[in-house]
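Chain and residue survey
Chain by chain, the residues:
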Amino acid sequence: MDNLNFLLQGFQIVFSLQNLAATLLGCILGLIIGAMPGIGSLAGCALLLPLTYKFNPTTAIIMLGGLYYSNMYGGAFSAILFNIPGDTPAIMTTLDGYPMATKKKRPGQALSISNISSFVGGLIGMVILTFTGPVLANVGLSFGPVEMTALLLFAMTSIGWLVGENPVKGLMLTLFGMLVASMGMDTLSGSPRYDFGNVYLLGGVPFTPFVIGLVGFSQVIMLMEQRNIAPQLVADKLTLRDSMLSKNEAKRLVMPSIRGGLLGTFVGVLPGAGATAASIMSYSAQKYFKSEEPLGTGAVEGIAACESANNGAAAGAFAPLLALGIPGSGTGAVLLGGLMLWGLNPGPLLFKNSPDFAWGLIASLFLANFIALTVSWGVIPFLIKILSVPTKLLIPCITVVCIVGSYSTSNSMYGVIVMFISGILGYIMQKFDYSYAPLLLAFVLSPMLESNMRKAFIISRGSVRIFLEKPISLAFIIAIACIALFPIVRYFLIKAGLMKKKTAK
Amino acid sequence: MSEYSSRKKGFGGNQIMPIIFAAVAALFVWMGLKKYGFWHPAKGPLPGFYPTIIGAGLFVMSVLGFIFSFKDKKPIFPRENWWAVIGGLSIIVGTFIIGLIPSVGIYVIVWLRWFEGCSWKVTLITFAVIMAIVIGCFVLWLQVPFPRGVMLELILK
């Protein structure tokens, strides 16, 4: 019951004019950014980070939370209307969304199914977050430097290992991110290191310009390839009347949405898994349940399963982020970086020391879910116009926001140069099939890891046995070993014909 | 998949990233051990402790990455993509001469009107939208003191 009281207090915080406006703005921008193919929630949050500096931390994170959350709604729009997912979690939505829009000539209904199931999945995730977040934080309170080191190593290695096809690349980027983060001042002694005689590097690599470049400017370079590709429209215009669902369709989406929401929330809590994995797993799971039409032909159940799962995962990802300070994805890492910039340290003490902030954010997610549903319905008649904005117009817009935004965070051209270099690095990495999520996560978590690791070694006087003597850290070490052994086990299972090899689509 | 995705396997650019990572790792390990120190009997871990361990790990992974990279397909870097980089670079250079906001304005017009071949109507509408964001959000609201460039500084002096 305490949690519900805290949640009500959170709603009191959210229902200020500034916070309501921030939620609404975040939702609208999230829907638009999510719907635009090629931008995505990660770039959206990174590009908007400088704009939130004027707000207080609660309002700022409410806006970014709303943006991240509503992005999951928006990602489905272009998946359904153009067969191009606006964001990676919407990949599975194309399988049934696009056939429903084209073969069945019902794009409006496909959008409505997506919106309602997103709402249901998100709501389930938020209810679970309300009750499990503080519990997780209480568990985290018993963590000392040894346990925190093991937990952070687990979070970083798992995302490095699980994101993308190649675990070696993921781990390389994780370790590279840790090294980049170690430049500047030493966190414990305060002495400069790896500054290479450059006065700017004494402060380390600035987070916001680095992220803006890595995910925003690199995306601009990638978009150059698509700037002359005109999307195929499934309809000339959409109306709200054509988007209404029949009683049978509404009934059919309920159970897949509930299942998807539960599964998605569980997957969202795990580091490295995220909304994309959640929607893939939920869609696969739906194959074992009854569907009135075969999946892949425009089935209501197919759209509902993946859309509810990715929204459930988006909400679930806030539990480890707030309670333990461990983001589950690249976007989570950007949100965590933002929190640190505003002087907040997410972790077990957040619910205790800053309850207004923690519960205000959770309450804002509930509000964002309602607003995103309302706006995503209201925007249906204008979607074709919004999504028809040519990529070639977006390129200068995003370039300017990248440059101006990275300048504004440091009030110096150093920020712009960092953004520019990290943008080129991000582009080259994408071309070589390196995912930047592990790099971002490692960059954000590295100072925390170093601090805890050094404290653990001071306690143990240099012995690594301390990690095996404490039960919680031992459990994480075993989990790391299992994840590390997984590719080897998978290799032998594929060789033995017991597992199928993943093939690029 | 786009036309740019057709790629062959073998030796080439794929080995560049592991080599760069290995070089960075070796540098960090060397500096960590030589310059910042690894371990002190009384104080425990020194500033070079963590980067040295991580650098060593990165070096090992880079060697593995180098070996596995021969199985990867070679990426293609379309020449047109680098125009975005040149565009960004031109704003940075222009900022030092005429200031950031005029550079951004000129970039938008040149890019849309002459590079993309958009009509004047589309160019000016997009220009107005972008400048409204820059001036409205960053100059008026966030009050960011954008650089004025050498020329404007000289004129104002």
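Heads up: these notes are all about the structure in this document. As the structure is a prediction and not an experimental result, all values here were calculated from the model.

**Looking at the interface of chain B and chain A**
With 72 residues of chain B in contact, the opposing surface of chain A contributes 64 residues. When the two sides are added together, the surface that chain B and chain A hide from each other amounts to roughly 6100 Å², 79% of it contributed by carbon and sulfur. Broken down residue by residue, the surface that chain B buries against chain A is led by M17, F28 and Y50 of chain B, which jointly contribute 12%. Along the contact surface separating chain B from chain A lie three salt bridges. Between R227 of chain A and E116 of chain B there is a salt bridge, with its nearest N and O atoms 2.8 Å apart.

**Focus on the layout of surface pockets**
By volume, the second largest pocket amounts to about 940 Å³. Along the walls of the second largest pocket sit 29 residues, with L29, L394 and C397 of chain A together with V129 and I133 of chain B positioned nearest its centre. Of all elements in the fold, only helix 2 (17-35), helix 3 (40-48) and helix 18 (391-410) of chain A together with helix 5 (120-141) of chain B reach the threshold of two or more residues within the lining of the second largest pocket. A per-element tally of the lining of the second largest pocket places helix 5 of chain B first, with eleven residues.

**Topic: the packing of aromatic side chains**
Enumeration according to the criterion identifies 32 aromatic pairs over all chains in this entry. Ring geometry for Y427 of chain A versus F77 of chain B: centroids 5.7 Å apart, planes at 75°, classification edge-to-face. Here Y427 of chain A is found in helix 19 (residues 413-431), whereas its partner F77 of chain B is found in the loop between helix 2 (49-68) and helix 3 (82-98) on a different chain. In this structure F77 of chain B comes out as partly exposed when scored by relative accessible area, which is 28%. A centroid spacing of 4.4 Å and a plane angle of 35° characterise the contact between W111 of chain B and F115 of chain B, whose relative ring orientation is tilted. On the criterion of helical spacing, the pair formed by W111 of chain B and F115 of chain B is a turn pair, its members being four residues apart in helix 4 (residues 100-115). On the basis of relative accessibility, which here comes to 5%, the residue W111 of chain B falls in the buried class. Take F115 of chain B: its relative accessible area is 28%, and that puts it in the partly exposed class. Counting every residue linked through ring pairs, the aromatic cluster contains F457 and F467 of chain A together with F38, W39 and F49 of chain B. Its end group placed over the ring of F289 of chain A, R259 of chain A keeps NZ or CZ at 3.6 Å from the ring centre.

Calculation rules
Residues numbered from 1 in each chain as written. Chains lettered and ligands numbered in written order. Predicted model: local features only at pLDDT ≥ 70, side-chain atom pairs only at ≥ 80, totals over all residues. Heavy atoms only, no water. Contact = heavy atoms within 4.5 Å. Buried area = accessible area lost by both parts, 1.4 Å probe. Salt bridge = Lys/Arg side-chain N within 4 Å of Asp/Glu carboxyl O. 1 Å grid on protein atoms, 1.4 Å probe; cavity = no way out; pocket = protein on both sides within 12 Å on 5 of 7 lines; lining within 4 Å. Points joined across faces, edges and corners; volume = space filled by probe spheres on them. Helix = DSSP H or I, 4+ residues; strand = E, 2+ residues; numbered from the N terminus. Phe/Tyr/Trp six-rings, centres within 6.5 Å; stacked < 30°, edge-to-face > 60°. Buried < 20%, exposed > 50% of the residue type's maximum accessible area, 1.4 Å probe, protein only. Lys NZ or Arg CZ within 6 Å of the ring centre and 35° of its normal.

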